[in-house]
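This is what each chain is made of:
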Amino acid sequence: MSDTQDTSKLWGGRFSEGTDSFVQRFTASVDFDQRMAAQDIQGSLAHARMLTNTGVLNAEELADIERGLAQVADEIASGEFQWSIELEDVHMNIEARLTQLIGSTGKKLHTGRSRNDQVATDIRLYLRAGIDRAATELTRLQQGVIALAADNTDTVMPGFTHLQTAQPVSFGHHLLAWNEMLERDYGRLQDCRTRLNQCPLGAAALAGTTFPIDRVQTANELGFDRPTENSLDSVSDRDFGIEFVSFAALLMTHLSRISEELVLWTSAQFNFIELPDRFCTGSSIMPQKKNPDVPELVRGKTGRVNGHLVSLLTLMKSQPLAYNKDNQEDKEPLFDTLDTVLDSLRAFADMLPAIRPRKDIMREAALRGFSTATDLADYLVRRGMPFRDAHEVVGKAVAHGVAEGLDLAEMDLATLQQFSTTIEADVFDVLTLEGSIAARDHLGGTAPAQVAAAAQRAAARVDAR
Ligand code: ARG
């Protein structure tokens with residue numbers, strides 16, 4: 001590490017030799033934090049306007065800073081801006097260019113602030129915009145799921161436990177179960193936004209500043225609810241990032257569960273749904289293949305988001321107050337999480353409304369597997385038999401059905417009566433799929449009327465956002 005070079009750093013005053021060129025690369029973050037440039041400029045403008053109001057800068061200086069930052073923003077947007085690794089990060093790149101453009105007034109911008117409160121502000125602004133985009137996509141996804149559910153209140157499919165046929169359910173009911181997971185995710189996302197939306201500006205390096213500042217003004221201008229309470233906490237807190245990635249890990253976990261069902265359901269063995277070709281790809285060797293790549297990839301991407309959650313928790317573990325350079329490591333996991341969530345939500349919001357249930361095949365599958373066995377047991381209980389005895393009776397009938405290749409509804413009355421004389425002709429009302437689902441007629445149950453009402457309530461909740 002002897003390879004040093006002389007560069008004029010913004011902080012070079014107390015140094016007697018240049019930074020080792022490897023260390024320069026090792027410590028730089030500009031390659032990945034330049035994506036916060038717009039937020040950095042937004043924060044600088046608010047800071048400069050506040051300093052002007054409190055008399056630290058004059059109107060002319062502010063005008064120069066505003067003009068210079070507008071030009072910097074244009075250069076970045078058009079791609080002409082020269083990012084430099086010698087200037088380490090997005091903050092110093094922008095400040096250095098501002099000074100080139102407007103002269104020494106540019107050097108006054110950093111009065112009363114530090115990169116520590118600056119970066120804490122930039123990430124919050126960046127993440128807040130990302131949260132709002134994620135909320136929009138999540139809402140679009142939920143609307144698609146709810147609409148599909150409303151169209152399928154009386155589409156019957158087998159419900160599973162242990163992935164074994166359990167009881168018939170409405171396909172709409174299954175879809176609304178997905179919506180409940182997503183509804184909780186939406187709530188977590190908004191909770192995260194609320195706690196994130198406080199402005200750290202004014203904390204400066206860690207202890208605050210000796211200049212007159214108006215923290216409420218900068219907080220308001222940047223759309224924050226209020227300034228943060230404690231300067232030490234302001235520059236060191238990354239809870240908001242961890243909370244966002246926690247939301248994301250749980251969302252992706254939900255999407256992976258939905259993905260798994262879509263993958264199963266598109267297989268030849270289930271064949272429950274049609275996934276439009278535009279969400280699938282083929283195989284280079286097997287001409288018959290149509291692979292559900294989109295749900296598979298979303299399922300796979302869950303792993304990296306879960307990994308980012310562990311990264312961030314471990315990053316913050318045992319960190320002493322206040323700012324530590326460790327925190328520069330927060331950005332890549334956060335940004336990758338945001339990108340992954342936005343892409344996955346977009347893919348799902350586009351894809352889910354386009355899936356088509358193969359109703360005949362779902363119905364056929366529900367008819368197999370003795371899915372109405374519980375209904376027969378409940379029927380016997382309603383006629384006075386203790387539930388455990390009813391369970392035993394139905395178990396025997398099922399064993400007979402397995403041996404003979406018959407479902408319960410396919411046995412005649414005389415056959416059923418061999419297992420219990422309590423059984424009468426009206427038993428067939430409960431052994432049909434429609435009878436079975438219609439009987440679960442209570443809040444949260446799978447009766448089509450309940451599912452229709454639940455879909456309406458779900459839609460109303462989403463519309464009220
Ligand atoms: N690039 C740094 C980060 O991402 C900015 C803050 C640096 N502050 C400092 N005193 N070194 O955290």
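It should be emphasised that the depicted structure is a prediction, and the values quoted were computed from it without experimental measurement. (Residues numbered from 1 in each chain as written. Predicted model: local features only at pLDDT ≥ 70, side-chain atom pairs only at ≥ 80, totals over all residues. Heavy atoms only, no water.)

S.K.: How should I be thinking about a negative patch on the surface in this particular structure?
M.R.: There is a patch of like negative charges on the surface, built from Asp31, Asp326, Glu329 and Glu332. In this structure, Glu329 sits in the loop between helix H11 (293–316) and helix H12 (331–351). When its relative accessible area of 49% is taken as the criterion, Glu329 is described as partly exposed. (Patch = residues over 30% accessible without salt bridge, like charges linked within 9 Å, V, L, I, M, F, W, Y side chains within 5 Å. Areas by Shrake-Rupley, 256 points an atom, 1.4 Å probe, with all protein chains shown as cover. Salt bridge = Lys/Arg side-chain N within 4 Å of Asp/Glu carboxyl O. Lys, Arg positive; Asp, Glu negative; His and termini not counted. Charge placed at Lys NZ, Arg CZ, Asp CG, Glu CD. Helix = DSSP H or I, 4+ residues; strand = E, 2+ residues; numbered from the N terminus. Buried < 20%, exposed > 50% of the residue type's maximum accessible area, 1.4 Å probe, protein only.)

S.K.: Looking at this model, I keep getting lost on the site of the ligand. Mind explaining?
M.R.: If you check the shell around the ligand, you find Ser29, Asp33, Asp89, His91, Arg115, Asn116, Val119, Tyr323, Gln328 and Lys331 and nothing else. Between Ser29 and the ligand, the recorded distance is 3.2 Å, taken from a side-chain N or O atom to a nitrogen atom. Asn116 has a polar side-chain atom sitting 2.9 Å from a nitrogen atom of the ligand. Burial of the ligand by the protein chains amounts to 86% of its free accessible area of 340 Å². Looking at the shell around the ligand element by element, the count peaks at three residues for helix H6 (residues 115–150). (Near = heavy atom within 4 Å. Polar contact = N/O pair within 3.5 Å; in protein donor to acceptor, adjacent residues only side chain to side chain.)

S.K.: Even after reading the chapter, I still don't get the packing of H6 against helix H19 (residues 448–463), so can you show me in this structure?
M.R.: Geometrically, a packed helix pair is captured by the angle between its two axes and the distance between the axes. At a minimum axis separation of 9 Å, H6 and H19 run at an interaxial angle of 160 degrees. Between H6 and H19, the angle falls in the class roughly antiparallel. Seen along the crossing, H6 lies across H19 with a hand that is left-handed. Together, Thr139, Gln142, Gln143, Ile146 and Ala150 of H6 and Ala455, Ala458, Ala459, Val462 and Asp463 of H19 make up the contact between the two elements. Taken together, the residues of the contact of H6 with H19 break down into six nonpolar, three polar and one charged. (Axes fitted to C-alpha atoms, helices over the stretch in contact; angles between N-to-C directions. Parallel < 35°, antiparallel > 145°, perpendicular 65-115°, else oblique. Left-handed = near helix turned anticlockwise from the far one by under 90°. Contact = heavy atoms within 4.5 Å. Nonpolar A, V, L, I, M, F, W, Y, C, P; charged D, E, K, R; others polar.)

S.K.: What's the story with the environment of Ala134 in this structure? I'm lost.
M.R.: Note that Ala134 resides in helix H6. For Ala134 and Ala453, which are 319 residues apart along the polypeptide, the C-alpha to C-alpha distance reads 27 Å.

S.K.: How should I be thinking about the pattern of salt bridges in this particular structure?
M.R.: Side chains that differ in charge, positive against negative, can pair when their charged atoms come close. Here the structure, examined in full by the defined rule, presents 30 salt bridges. When the shortest N-O distance is used, the salt bridge between Glu137 and Arg140 registers 3.1 Å. Here Glu137 pairs with Arg140, and both are found in helix H6, just three residues apart, close to one helical turn. Across the pair Arg195 and Glu243 runs a salt bridge whose closest N-O atoms are separated by 2.8 Å. Of the two residues, Arg195 is situated in helix H7 (residues 171–196) and Glu243 in helix H10 (residues 239–266); the sequence distance between them amounts to 48 residues. For Arg195, a relative accessible area of 49% corresponds to the partly exposed category.

S.K.: How do you make sense of the packing of aromatic side chains when you look at a structure like this?
M.R.: All told, the structure shown has 10 aromatic pairs when counted by the stated rule. Measuring from ring centre to ring centre gives 6.3 Å for Trp265 and Phe272, while their planes differ by 40 degrees; the resulting arrangement is tilted. This pair shows no difference in class: Trp265 is buried, exactly as Phe272 is. A connected cluster of aromatic rings, assembled from ring pairs, spans Phe160, Phe171, Trp178, Trp265, Phe270 and Phe272. The positively charged end of Arg383 is found above the aromatic ring belonging to Tyr379, 3.8 Å away from the centroid. Between the NZ or CZ atom of Arg465 and the centre of the ring of Tyr186, over which it lies, the distance is 3.4 Å. (Phe/Tyr/Trp six-rings, centres within 6.5 Å; stacked < 30°, edge-to-face > 60°. Lys NZ or Arg CZ within 6 Å of the ring centre and 35° of its normal.)

S.K.: Would you take a moment to explain unusual backbone geometry for this structure?
M.R.: Excluding glycine, residues mostly have negative phi values, and the peptide bonds linking residues are mostly trans. In this chain, Leu321 is followed by Ala322 through a cis amide linkage whose omega measures 0 degrees. Position of Ala322 among the secondary structure elements: in the loop between H11 and H12. Positive phi is not limited to glycine here, since Glu88 has a value of about 70 degrees. When you line up the elements, Glu88 lands in the loop between helix H4 (59–78) and helix H5 (90–102). Look at Glu88 and you get buried, because its relative accessible area is 9%. With a phi close to 60 degrees, Leu163 is a non-glycine residue in the positive phi region. Mapping Leu163 onto the fold places it in the loop between strand S1 (156–161) and strand S2 (164–170).

S.K.: Looking at this structure, I do not really get H5. What am I missing?
M.R.: Since the α-helix advances by 3.6 residues per turn, residues separated by three or four positions end up pointing in the same direction. Between its first and last C-alpha, H5 extends 18 Å over 13 residues, near the 18 Å set by a 1.5 Å rise per residue. Counting buried residues along H5, 10 of its 13 residues qualify, which places the element largely inside the surrounding structure. Listed as buried for H5 are Val90, His91, Met92, Asn93, Ile94, Glu95, Ala96, Leu98, Thr99 and Ile102. Looking at the buried positions of H5, the neighbouring elements they touch are helix H2 (30–33), helix H3 (37–53), H4 and H6. Gly103 sits one or two residues past H5 and shows a positive phi near 85 degrees. (Expected span 1.5 Å × (residues − 1).)

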